[in-house]
Amino acid sequence: NAGVTQTPKFQVLKTGQSMTLQCAQDMNHNSMYWYRQDPGMGLRLIYYSASEGTTDKGEVPNGYNVSRLNKREFSLRLESAAPSQTSVYFCASSVEGYGTQYFGPGTRLLVL
Amino acid sequence: AQSVAQPEDQVNVAEGNPLTVKCTYSVSGNPYLFWYVQYPNRGLQFLLKYITGDNLVKGSYGFEAEFNKSQTSFHLKKPSALVSDSALYFCAVRDVTGTASKLTFGTGTRLQVTL
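The structure displayed is predicted, hence computed values, not measured ones. (Residues numbered from 1 in each chain as written. Chains lettered and ligands numbered in written order. Predicted model: local features only at pLDDT ≥ 70, side-chain atom pairs only at ≥ 80, totals over all residues. Heavy atoms only, no water.)

Asks: I tried to follow the state of the cysteines on my own but got confused; where do I start?
Replies: In protein structure, a disulfide is the covalent linkage between the sulfur atoms of two cysteines. A complete count under the given rule lists two disulfides over all chains for this structure. At a sulfur-sulfur separation of 1.8 Å, the disulfide partner of Cys23(A) is Cys91(A). On the S-S bond that ties Cys23(A) to Cys91(A), the torsion sits near -70°, and the link is left-handed. Taken as a pair, Cys23(A) in strand β3 (residues 19-25) and Cys91(A) in strand β9 (residues 87-94) lie far apart in primary sequence, 68 residues in all. According to the relative accessible area criterion, Cys91(A) is buried, its value standing at 0%. Shown here is the disulfide that connects Cys23(B) with Cys91(B), its sulfur atoms set 2.0 Å apart. (Disulfide = S-S within 2.5 Å. Helix = DSSP H or I, 4+ residues; strand = E, 2+ residues; numbered from the N terminus. Buried < 20%, exposed > 50% of the residue type's maximum accessible area, 1.4 Å probe, protein only.)

Rendered as structure tokens:
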């Protein structure tokens, strides 16, 4: 039982390049989330998916797209990376109800 | 919208002393409140939550939190701090809007425990 896994762990991009961050969970959770973490700002929600087949914008969705591929997997895509997207990205999942979320180890992204 | 505030960027405490990390909240309706901990270069780990019931909630690693409705606070506490407790702590509140429960996080408090 690996919980929530994320790939890659670290990535360097040049401005304008694209990439996809992968997330998978093996806890049979319905809901999945993408956050970014920046110093002094806590975690901010980018997108979430309440269930397979649905996605919704969070607090900071601009510049990102997501795909809920199936119940296990939720990917985050940067179509044209910008230096402002340099951050640590966390994926999380939860069973609906009281909302306890379980987090992956994170992807550290540097955009030059 | 639901929100939480963590008024201290950093808390310093000596090992063996009690620790408190503060959190206040603003919600409409009944609050569902959470504490998470983040160790360096790791993801967030769930510590405890308040849904309803007793105002003192016990969680992992000897941590507990006190829910105070009149003061709209949910402070994290531990009777005796350990150096290994040094980490970044986040308070969060559940926000049920749209199609899913979401968490809104505070900005985090860095706990430094020294010998």
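Asks: Is there a simple way to think about unusual backbone geometry in this case?
Replies: Negative phi characterises most residues that are not glycine, and trans characterises most peptide bonds. Note the cis peptide between Thr7(A) and Pro8(A), where omega equals -5°. Tracing the sequence through the fold places Pro8(A) in the loop between β1 (4-7) and β2 (10-13). Residue Tyr61(B) is not a glycine yet carries a positive backbone phi of 60°. The topology assignment puts Tyr61(B) in the loop between β7 (56-58) and β8 (64-68). Looking at Tyr61(B), the relative accessible area reads 48%, which means it is partly exposed. Located in the positive-phi region is Thr72(B), a residue other than glycine, with phi close to 45°. Structurally, the position occupied by Thr72(B) is in the loop between β8 and β9 (73-78). Assessed through its relative accessible area of 31%, Thr72(B) is described here as partly exposed.

Asks: When you look at the side chain of Gln6(B) in this model, what are you seeing that I'm missing?
Replies: Residues and elements named next belong to chain B. Residue placement: Gln6 occurs in the loop between β1 (3-5) and β2 (10-14). At 3.0 Å, the side chain of Gln6 forms a polar contact with the backbone oxygen of Tyr89. When neighbours within four sequence positions are excluded, Gln6 is seen to be in contact with Lys22, Trp35, Tyr89, Phe90, Cys91, Gly106, Thr107, Gly108 and Thr109. (Polar contact = N/O pair within 3.5 Å; in protein donor to acceptor, adjacent residues only side chain to side chain. Contact = heavy atoms within 4.5 Å.)

Asks: Would you mind showing me how to read the packing of aromatic side chains here?
Replies: The geometry of an aromatic ring pair comes down to the distance between the two centres and the angle between the two planes. Applying the stated criterion to the full structure yields 14 aromatic pairs over all chains. An angle of 55° between the planes, with centres 6.4 Å apart, marks the rings of Tyr50(B) and Phe74(B) as tilted. With Tyr50(B) in strand β6 (residues 44-50) and Phe74(B) in strand β9, the pair connects residues that are 24 residues apart, well separated along the chain. Through a chain of ring-to-ring contacts, the aromatic side chains of Tyr33(A), Tyr35(A), Tyr48(A), Phe103(A), Tyr36(B), Phe46(B), Phe90(B) and Phe105(B) assemble into a single cluster. (Phe/Tyr/Trp six-rings, centres within 6.5 Å; stacked < 30°, edge-to-face > 60°.)

Asks: Which parts of the structure should I look at to understand the interface of chain B and chain A?
Replies: Where interface size is given, it is often the accessible area lost as the parts come together that is meant. Facing 24 residues of chain B, the contacting portion of chain A comprises 23 residues. Between chain B and chain A lies a buried interface of about 1800 Å² when both sides are counted; carbon and sulfur atoms form 55% of it. On the surface where chain B and chain A come into contact, there are zero salt bridges. Remark: the boundary between chain B and chain A carries four residue pairs in polar contact (both at pLDDT 80 or more). If you list the elements that add at least two residues to the side of chain B that touches chain A, you get β5 (33-38), β6, β10 (87-97) and β11 (100-105) of chain B. When residues in the side of chain B that touches chain A are grouped by element, the largest group, five residues, is from β11(B). Among the residues making up the side of chain B that touches chain A, the classes are represented as 11 nonpolar, nine polar and four charged. (Buried area = accessible area lost by both parts, 1.4 Å probe. Salt bridge = Lys/Arg side-chain N within 4 Å of Asp/Glu carboxyl O. Nonpolar A, V, L, I, M, F, W, Y, C, P; charged D, E, K, R; others polar.)

Asks: How do you make sense of the nonpolar core when you look at a structure like this?
Replies: Side chains that are nonpolar tend, in soluble globular proteins, to be buried together. All names here are of chain B. The biggest cluster of nonpolar side chains holds 27 residues, and the ones touching the most others in it are Trp35, Leu47, Leu48, Phe74, Leu76 and Tyr89. Going through the elements one at a time, β2, β3 (19-21), β5, β6, β8, β9, β10 and β12 (109-114) are the ones with two or more residues in this core. The greatest single-element share of this core, amounting to four residues, is contributed by β10. Here Leu76 is in contact with Leu19, Thr20, Val21, Trp35, Leu47, Leu48, Phe63, Glu64, Ala65 and Tyr89, once residues within four sequence places are set aside. (Core = buried A, V, L, I, M, F, W, Y, C linked by side-chain atoms within 4.5 Å.)

Asks: What exactly am I supposed to notice about the side chain of Ser31(A) here?
Replies: Take Ser31(A): it is sitting in strand β4 (residues 31-38). At 3.0 Å, the side chain of Ser31(A) and the backbone oxygen of Ala50(A) are in polar contact.

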